[in-house]
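Summary of structural features
Single-letter residue listing:
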Amino acid sequence: MADLLPKLLSFPPHPPPAKPLSDQAYDEGIREQIDVVGKLTESKLLQQTSGGEHALDVINPSLNSIPYAYILLANISAMRKANSKGVDFETLWDKMIGFLVSFDPRQIRYIGEEFSAIVDAVAGLAASNRQSYLAVAPIATALTRLDPTGSMLTTHHLTLVKLALESRNFAAATQVLDKFILYVPGVPTVTKPKFICDMNLSPVTFITDKSKLTGKFKYVDVLEYFLYSGMIYMGMRDWDKALQCLESAITYPAKENNVSKVMVDAYKKWVLVGLLLEGKLLPLPKSTSSGAAKCYHVMAKPYETIAQIFESGTASRLKSEAEFGVHIWRGDLNYGLMLHVLSAFQKFQIRGLANIYSKISIPEIVSQTTSAETGNKLPTPQAAELLIQNMITSGELHATMSTSATGPSILTFSPKGQVLTESQMQRELAGSTERILALTKEIKQTDRLLTHDKEYIKFVQKQKKHVKQGGSGDQGIGVENMDWNDAIEDEDIMGTMY
Amino acid sequence: MASSQGAPLSPTATRSRKPLVVTEQPKFDLESYIANYTGRTRLERLLLIGHCSSVVGVDALKLAVKDAKLGKDITRYLDAQTPLETLAPGEREATRDLAWMDKTKALNLAEISRLESEVKGYKNNLIKESTRIGNEDLGKHFQAIGDLPRAFEAYSRMRADAQTGKHIIEISRHLIEVGVEQRNWIAVTSNVQKIKGVMDSKDPDKSLQPFLCAAEGLASLDGGEYYNAALQFLQTDSGMGTSCNTIISPNDIAVYGGLCALATMERNDLNKRVLENSNFRTYLELEPHIRRAIGFFVNSRYSQCLTVLESYRADYLLDIHLSKHVDDLYYMVRSKSIVQYFIPFSCVTLDSLNEAFAAPGKTIDKELAMMIKNQELEARIDTQNRLLTSVPLAPRASLQASTLQTAKEYEREARRRIQHMNIHGADLEIKGKKNANQLPGVDEFYDAGIGGRELRSGRNVAF
């Protein structure tokens, strides 16, 4: 092993040269090293150093990610074969986790296959030991390190949400889920980047199924990711974010009137989450396809009915409707969410009072609101007090409650509009501006992807030709195997028709 | 949103209207009130009063019986006579005149067949003018005996033989009359439009403008579009006289127009469009209390305005066109008054509001809560100190909040669009099985970007 070490550590140069390597030099160096390391046999990689130390203890994963990854993989496969030469499980696990949270994001781009293998190994080992929750945080960190923008979906994202859901370790996954997915693998890259080590590259260009940093996707996988991440936020009671994730699923583009069952499931949850968030049936997002919208209204009728009752019905009607449909909610695995909806009903009523009253006594609140969990008014003023106290503490209600020894407690609603201070507002506005500017960049990027698409360029060319020939120039395109002259004739027929 | 099935009906829709009973003495004198009208609307009005008023009901029904026996409508006669049997069995009009009924029935049938055969004859001989008049007679007869659908049909048939603009106006006038009685407001408005289409001849009929305004106003009133109704009635030229008394009297124009305006217009508009409107003034003079009520409102004496209106409630409940809308209109005037009353204050005690608006012994709390809930009143109630406080305006905060909201929505929408484009680009959208044989990738691209593919494939099938 000792003789191997200099080879393994040959790149990147250490200590780093005063003048950083150019992208080209970096690219060449690293490819050469991968070539060398890749040719080594497993047994060589498993050798210990002359000092009897384990190779994984000698190499720093954040500096020499590439040899480290190879050695790690060799150890993993050795362990799978129950090969005595490998290290014990505990150490190996620590090393794997250590690698995921400290690898060099620049080097890792060159060894997509190995990266994916390590992530899968971590996920697989954790799952087989029934300790999935341990794998969530490292994988989430690894994904964030790989792509700090987080806008690119990978197959590892799906692994992550599945692990998180299974182990109910929601919080650890949010650093990945908080990022909005803009890209999915498979977008035809316009220009091959010269050197994938360029740190300014958009994730679209280096995370591809060719680079093996992600696997291939089917549409169901993408939908599942959105649905599962929505469910994770639901588990955390973060209704706003859950709504966003579910919206990504229900607006998923579809050809003609096709709808996936996952989308319908997402819609059902979306209706309920919308109730918890806004207290009403939200209008479908603009970009929902019309075929899907029709399908939702038919398939999720019971849910929409619940929403309408929630909006304008009484607590007892809501309760009986929820009880009547109990097999539906159970069948769709939405029963827990429905219980949340029921308990939220009275809270919305109380919050609604803030729009009418500025000051009101607790007994008056008791008489004006009803709980949908029991279908009755609250039994005692004390119960109402407790409920309101909880609402105020959790920030659901902007109000203060004052108790007096003689009379009933009094609730004073805070005036609206002063939720944020001036400086907070400044920050919010600045943050929003920044995000929109960043978004503008993404729009340009997408625009570029579209306008530089091979097919699009062909289309524009043909169109230009068409204009030259005096045609109307609207759509002489589309079918590759169609003769150009046919297309023109086609056009003329339409011309006379209109 | 598909909400037709199983949707909770709105609270107003489920409320069934109780049969209206008015126990107060109306202010009008029955004889002189009904003298304002001629034709079938007389009977209709008398019947409504007879069925609803416990005070003048019997008199109204007696008048109705007399009236009905002068005409040919047996159903109407029975409508008037049957309740009298129980209400006032001693009266002469209470006994059913079977002889008259039989006679009229026979006469009516004979008249129908006579008129129908006449029309047939004219038609066979292709005498256009006579066919038209024959149909008109037939329509009039059907109208007189109360067979409104057939009357409508007969009048509509006149159109085939109409030759001049005047004919068309005549036809439409007939149809409007029938339409008003049938409460078929769609027919009424469409016929008003038809008359307007041919009306612009050189010698316009002076009586036509008020008629059209009244018809359209009634249609809007019945549809609950009080503001439009007010505009129509206010536009009515002066000098209606008795020209429209088959459907409406000049007094009605004043009442309907005044009430609708009071319910829907702002103070300045009321002053300019109602009180200073020289055309409408001639009508308002017929109903001085409406003028007084509007005057009180404009001068911010709300409780007096409401008192005046309240004292005429019984009258309006007994009006065929107004009775359904009195409550709504009064509610609107009332809530408007409360809003206006509150405007100059930032804080008002509930007791002073009770004093100004609530009936003695009642409180206004519930009503205020409803109004705030419906966002008619920008205020909050303090039940502990019994105060109504205005909501402090925070334009800066609300602008900032709405800016943030807009930015957030933009962000979300833009991100979602990018996401969709990229999903399309990656050829990952959901596809049906039948598209399996199409060129992948290419088609999706055109679908997403240009939208030409579908047209094209459709075309290939067609040609």
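Everything quoted here is computed from the prediction, not taken from an experiment.

**As for the overall build of chain A**
- Scanning chain A from terminus to terminus reveals 25 helices and three strands.
- The 498 residues of chain A split such that 48% are buried.
- Restricting the contact set of chain A to residue pairs at least 6 apart, pairs at least 24 apart contribute 68%.
- Carbon and sulfur atoms provide 54% of the accessible area of chain A, an area that totals close to 24000 Å².

**Brief notes about the overall build of chain B**
- Summing up its helical and strand segments, chain B has 24 helices and three strands in all.
- Long-range pairs, those at least 24 residues apart, make up 61% of the contacts in chain B between residues at least 6 apart in sequence.
- Looking at chain B as shown, the accessible area adds up to about 23000 Å², and 54% of this sits on carbon and sulfur atoms.

**Quick word on unusual backbone geometry**
All names here are of chain B.
- In the Ramachandran plot, S300 falls in the positive-phi region, its phi being about 65° despite a non-glycine side chain.
- The residue S300 is located in the loop between α16 (288–298) and α17 (302–311) in this model.
- Residue S300 is classed as partly exposed on the basis of its relative accessible area of 37%.
- Located in the positive-phi region is D427, a residue other than glycine, with phi close to 60°.
- Inspection of the secondary structure puts D427 in the loop between α22 (395–425) and α23 (442–449).

**Focus: the side chain of E114 of chain A**
Residue and element names in this part refer to chain A.
- By the element assignment, E114 lies in helix α8 (residues 112–128).
- One buried charge, E114, has no salt-bridge partner; the nearest side chain with opposite charge is K212, at 8.8 Å.
- In contact with E114, not counting residues within four places along its chain, are Y70 and L73.

**Some thoughts on the confidence of the model for chain A**
- Taken residue by residue, chain A gives an average pLDDT of 82. The fraction at 70 or more is 89%.
- Predicted confidence for residues 471–498 of chain A stays below pLDDT 50, and this span has 49 contacts to residues more than four positions away or in other chains.

**Re empty space enclosed by the protein**
All names here are of chain A.
- Applying the stated criterion to the full structure yields four cavities of 30 Å³ or more.
- Looking at the lining of the largest cavity, the elements that each hand over two or more residues are α9 (132–146) and α11 (170–177).
- A per-element tally of the lining of the largest cavity places α9 first, with three residues.
- Grouping the constituent residues of the lining of the largest cavity by class yields five nonpolar, five polar and two charged.

**Examining the environment of M391 of chain A**
Residues and elements named next belong to chain A.
- Position of M391 among the secondary structure elements: in helix α22 (residues 381–393).
- You can call M391 buried: its relative accessible area is 1%.
- Residues M391 and K347, spaced 44 residues apart in sequence, show a C-alpha to C-alpha distance of 7.8 Å.
- With sequence-adjacent residues up to four places away left out, M391 is seen in contact with K347, I350, R351, E396 and L397.

**With respect to the pattern of salt bridges**
- In the structure shown here, the tally under the stated rule is 39 salt bridges over all chains.
- A network of salt bridges, in which partner residues are shared, links R40, D73, R76 and E181 of chain B.

**Structural notes on the confidence of the model for chain B**
- Per-residue confidence for chain B gives a mean pLDDT of 81; residues scoring 70 or more make up 88%.
- When the criterion is pLDDT under 50, residues 435–463 of chain B qualifies, and its contacts beyond four places in sequence or with other chains add up to 55 contacts.

**A word on the pairing of strand β1 (residues 357–361) of chain A**
- With four of five residues buried, β1 of chain A lies mostly within the body of the structure.
- By the bridge criterion, two bridges tie β1 of chain A to strand β2 (residues 379–382) of chain B in an arrangement that is parallel. Across the sheet, Y357 of chain A pairs through a bridge with I381 of chain B, a residue of β2 of chain B.
- Strand direction decides the pairing type here: β1 of chain A and strand β3 (residues 410–413) of chain A, joined by three bridges, are antiparallel. Bridged to I360 of chain A within β3 of chain A is L411 of chain A.

**Remarks on the environment of E170 of chain B**
Residues and elements named next belong to chain B.
- Mapped onto the elements of the fold, E170 is located in helix α9 (residues 165–182).
- A C-alpha to C-alpha distance of 9.7 Å links E170 and M158, two positions 12 residues apart in sequence.
- Excluding residues within four positions of it along the chain, E170 makes contact with R132 and E136.

**Details of helix α6 (residues 89–102) of chain A**
Residue and element names in this part refer to chain A.
- Taking 1.5 Å as the rise per residue, α6 with 14 residues should run 20 Å; its terminal C-alpha atoms sit 20 Å apart, in good agreement.
- Listed in full, the buried residues belonging to α6 are L92, W93, K95, M96, I97, F99 and L100.
- For α6, the elements touching its buried residues are α4 (55–58), α5 (65–80), α7 (105–108), α8 and α9.

**Focus on the packing of helix α13 (residues 219–235) of chain A against helix α14 (residues 239–250) of chain A**
Residue and element names in this part refer to chain A.
- Between α13 and α14, the least distance of the axes is 8 Å, while the angle of their chain directions is 165°. By the angle between their directions, the pair α13 and α14 is classed as roughly antiparallel. Pair α13 / α14 crosses with left-handed handedness. Together, L223, F226, L227, S229, G230, Y233 and M234 of α13 and W239, K241, A242, C245, L246, S248 and A249 of α14 make up the contact between the two elements.

**Concerning the packing of aromatic side chains**
Residue and element names in this part refer to chain B.
- Following the criterion strictly, the structure yields 19 aromatic pairs over all chains and no others.
- Judged by centre distance (5.4 Å) and plane angle (85°), the ring pair of Y341 and F357 falls under edge-to-face. Residue Y341 is located in helix α19 (residues 326–342), and its partner F357 is located in helix α20 (residues 350–357); the two are separated by 16 residues in the primary sequence.
- Residue classification places Y341 among the partly exposed positions, given a relative accessible area of 21%.
- Looking at F357, the relative accessible area reads 6%, which means it is buried.

**Let's talk about the packing of α6 of chain A against α9 of chain A**
Residues and elements named next belong to chain A.
- Their axes nearest at 7 Å, the elements α6 and α9 cross at an angle of 30°. Between α6 and α9, the crossing angle belongs to the class labelled roughly parallel. For the pair α6 and α9, contact is made by W93, I97, L100, V101 and S102 and by L134, A135, P138, I139, T141, A142 and R145, respectively.
- Grouping the constituent residues of the contact of α6 with α9 by class yields nine nonpolar, two polar and one charged.

**A look at the environment of T141 of chain A**
Residue and element names in this part refer to chain A.
- Structurally, T141 can be placed in helix α9.
- Taking the C-alpha atoms as reference points, T141 and V176, separated by 35 residues in sequence, lie 7.9 Å from one another.
- The contacts of T141, once residues within four sequence positions are left out, are V101 and Q175.

**Overview of the sheet that holds strand β3 (residues 387–390) of chain B**
- In space, the six strands of this open sheet follow the order β2(A)-β3(A)-β1(A)-β2(B)-β3(B)-β1(B), with mixed pairing throughout. In this open sheet, the two edge strands, each paired with only one partner strand, are β2 (399–402) of chain A together with β1 (347–349) of chain B. The average undirected angle you get between the axes of adjacent strands in this sheet is 20°.
- Across the face of the sheet, α22 of chain A comes into contact with β2 and β3 of chain A while running at roughly 140° to β2 of chain A.
- Running at roughly 145° to β2 of chain B, helix α21 (residues 365–373) of chain B makes contact with β1 of chain A together with β2 and β3 of chain B of the sheet.

So, how was this worked out
- Residues numbered from 1 in each chain as written.
- Chains lettered and ligands numbered in written order.
- Predicted model: local features only at pLDDT ≥ 70, side-chain atom pairs only at ≥ 80, totals over all residues.
- Heavy atoms only, no water.
- Helix = DSSP H or I, 4+ residues; strand = E, 2+ residues; numbered from the N terminus.
- Buried < 20%, exposed > 50% of the residue type's maximum accessible area, 1.4 Å probe, protein only.
- Contact = heavy atoms within 4.5 Å.
- Areas by Shrake-Rupley, 256 points an atom, 1.4 Å probe, with all protein chains shown as cover.
- Lys, Arg positive; Asp, Glu negative; His and termini not counted.
- Salt bridge = Lys/Arg side-chain N within 4 Å of Asp/Glu carboxyl O.
- pLDDT = per-residue confidence, 0-100.
- 1 Å grid on protein atoms, 1.4 Å probe; cavity = no way out; pocket = protein on both sides within 12 Å on 5 of 7 lines; lining within 4 Å.
- Points joined across faces, edges and corners; volume = space filled by probe spheres on them.
- Nonpolar A, V, L, I, M, F, W, Y, C, P; charged D, E, K, R; others polar.
- Pairing = 2+ DSSP bridges.
- Expected span 1.5 Å × (residues − 1).
- Axes fitted to C-alpha atoms, helices over the stretch in contact; angles between N-to-C directions.
- Parallel < 35°, antiparallel > 145°, perpendicular 65-115°, else oblique.
- Left-handed = near helix turned anticlockwise from the far one by under 90°.
- Phe/Tyr/Trp six-rings, centres within 6.5 Å; stacked < 30°, edge-to-face > 60°.

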